[in-house]
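Working through the structure, step by step
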Amino acid sequence: MDMGHSQPCKHQAMPTKDPARPKKLRIAIDGPAGAGKSTVARKVADILGYTYLDTGAMYRALAVLALDRKISFDDHEALGEMAASVNMDAREDDGVFRVWIDGQEFTHRLRTPETDRAVKLISMAQPVRRVLVEIQRELARRGGVVMEGRDITSVVIPDAEVKVFLTADVNERARRRWVDLKNRGIDMSFEEVLAEMQARDAKDLEREWGKLVKVEDAVLIDSTDMSIDEVCRIIVGLCEARQRCSTV
Ligand code: DC
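The structure reproduced in this document is the subject of the present report.

Cut-offs and rules
Residues numbered from 1 in each chain as written. Predicted model: local features only at pLDDT ≥ 70, side-chain atom pairs only at ≥ 80, totals over all residues. Heavy atoms only, no water. Core = buried A, V, L, I, M, F, W, Y, C linked by side-chain atoms within 4.5 Å. Buried < 20%, exposed > 50% of the residue type's maximum accessible area, 1.4 Å probe, protein only. Helix = DSSP H or I, 4+ residues; strand = E, 2+ residues; numbered from the N terminus. Contact = heavy atoms within 4.5 Å. Pairing = 2+ DSSP bridges. Axes fitted to C-alpha atoms, helices over the stretch in contact; angles between N-to-C directions. Salt bridge = Lys/Arg side-chain N within 4 Å of Asp/Glu carboxyl O. Phe/Tyr/Trp six-rings, centres within 6.5 Å; stacked < 30°, edge-to-face > 60°. Near = heavy atom within 4 Å. Polar contact = N/O pair within 3.5 Å; in protein donor to acceptor, adjacent residues only side chain to side chain. Areas by Shrake-Rupley, 256 points an atom, 1.4 Å probe, with all protein chains shown as cover. Parallel < 35°, antiparallel > 145°, perpendicular 65-115°, else oblique.

A word on the nonpolar core
Formed by 61 residues in total, the largest nonpolar core has its most connected members in I27, L62, V99, I101, I122 and I235. By residue number, the principal contributor to this core is helix α2 (residues 55–68), which donates nine residues. In this structure I235 touches I27, I29, V40, V44, V164 and I221, once residues within four positions along its chain are discounted. The next biggest cluster of nonpolar side chains, apart from the first, holds eight residues, and it includes A33, V170, L181 and M188.

This is the structure:
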């Protein structure tokens with residue numbers, strides 16, 4: 001783990017009774033696909049009694065809707081209009097992060113290979129990102145959230161109290177995804193999954209808006225040789241340190 005340039009108690013001078021400050025922390029986690037963000041974020045939220053928010057699922061739901069409506073993924077304006085015109089409800093329910101659009105549930109269609117391909121394209125559309133960033137900021141406003149994605153620390157909540165960049169070696173990330181797909185009955189070779197993962201990394205890094213970056217004050221955690229519990233312990237420790245800092 002690289003503590004980057006973060007200084008655990010640099011916020012000590014912040015006023016402790018500022019009514020505008022959320023009582024509960026906002027934890028922002030970014031990182032590439034397959035680094036374990038969802039599992040870790042869900043678990044940390046569970047431990048702290050916070051709300052878990054999977055922003056990738058929101059992009060995925062809009063990608064499915066665009067496929068259904070046969071909107072061209074090159075037409076960023078049309079995609080943005082679609083995003084702005086619908087009502088999205090995204091939350092954890094019964095241990096599953098679910099997304100509804102205009103009352104229709106999209107959850108079961110979020111993680112198919114077809115959606116994997118479509119979401120890479122829709123996440124390049126700035127008008128779509130603008131709509132989702134606004135929704136995500138509103139969801140984070142009250143604090144008590146663990147939000148994971150690609151641009152959470154850099155764009156959505158750059159002033160989050162705890163910022164983490166969670167990564168892992170690309171072969172290990174591909175292996176995890178391959179096991180996950182296999183468990184869900186989706187038959188792909190490891191080589192195919194690895195190639196897909198590398199393509200997703202490239203898209204995440206080259207996107208003009210909301211590209212994946214490690215912001216300077218995010219704590220870097222490399223989960224290649226770590227268990228989920230170890231990663232969670234580190235993040236919960238960062239939260240405890242942050243809370244201690246702001247109450248002394
Ligand atoms: O985390 P995930 O693999 O479910 O994300 C799906 C896609 O959405 C991925 O291609 C990156 C994109 N995404 C994004 O651009 N910004 C986010 N905050 C979250 C996901």
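Some details on the sheet that holds strand β8 (residues 219–222)
Pairing is parallel in the open sheet, where five strands are placed in the order β2-β6-β1-β7-β8. Strand pairing shows two members of the sheet lacking a second neighbour, β2 (51–54) and β8, which therefore form its edges. On average, each strand axis in the sheet is inclined to that of its neighbour by 20°, with strand direction left out of account. Two strands pair when backbone bridges link them, and strand β7 (residues 162–167) and β8 are joined in this way by four bridges, in the parallel orientation. In the strand pairing of β8, F165 is matched with L220. Of the strands in this sheet, β1 (26–30), β2, β6 (145–149) and β7 are in contact with helix α1 (residues 37–48), which crosses β6 at around 175°. Docked against the sheet, α2 engages β2 and β6, running at close to 45° with respect to β2.

Examining the pattern of salt bridges
Enumeration over the complete set of coordinates arrives at 22 salt bridges. Here R26 and E161 are joined by a salt bridge, their closest N and O atoms 3.0 Å apart. Taken as a pair, R26 in strand β1 and E161 in the loop between α6 (152–156) and β7 lie far apart in primary sequence, 135 residues in all. Judged on exposure class, the residue R26 and its partner E161 are both buried. Between D151 and R129 there is a salt bridge; the shortest N-O distance is 3.0 Å. Remark: R129 occurs in helix α5 (residues 126–140) and D151 occurs in the loop between β6 and α6; sequence separation between them is 22 residues.

Focus on helix α4 (residues 113–122)
Among the residues of α4, T115, D116, A118, V119, K120 and I122 are the ones counted as buried. Packed against the buried residues of α4 are α2, α3 (76–85), α5 and α8 (190–206).

Regarding the packing of aromatic side chains
All told, the structure shown has one aromatic pair when counted by the stated rule. Seen from their ring centres, Y52 and F97 are 5.5 Å apart, and the 75° between their planes marks the pair as edge-to-face. Taken as a pair, Y52 in strand β2 and F97 in strand β4 (residues 96–101) lie far apart in primary sequence, 45 residues in all. Grouping residues by exposure puts Y52 and F97 together as buried.

A few points about the site of the ligand
As a matter of local geometry, the ligand sits amid 15 residues, with R60, R129, R150, D151 and R200 nearest to it. D151 is positioned such that a nitrogen or oxygen atom in its side chain is 2.8 Å from a nitrogen atom of the ligand. In this structure, R200 approaches the ligand through a side-chain N or O atom, which is 2.5 Å from an oxygen atom. When the ligand is considered free in solution it has 450 Å² of accessible area, and contact with the protein chains removes 97% of it.

Regarding the packing of α2 against α4
In helix packing, the relevant descriptors are the interaxial angle and the interaxial distance, both defined with respect to the helix axes. Contact geometry of α2 with α4 gives a least axis separation of 8 Å together with a crossing angle of 100°. What the angle tells us is that α2 and α4 run roughly perpendicular. Contact residues: α2 offers Y59, R60, L62, A63, V64, A66 and L67, while α4 offers E114, T115, D116, A118, V119 and I122.

Section: unusual backbone geometry
In this structure, D94 is a non-glycine residue whose phi angle is positive, near 60°. Structurally, D94 is set in the loop between β3 (88–93) and β4. Here D102, not a glycine, exhibits a phi torsion of approximately 45°, which is positive. Assessed through its relative accessible area of 46%, D102 is described here as partly exposed.

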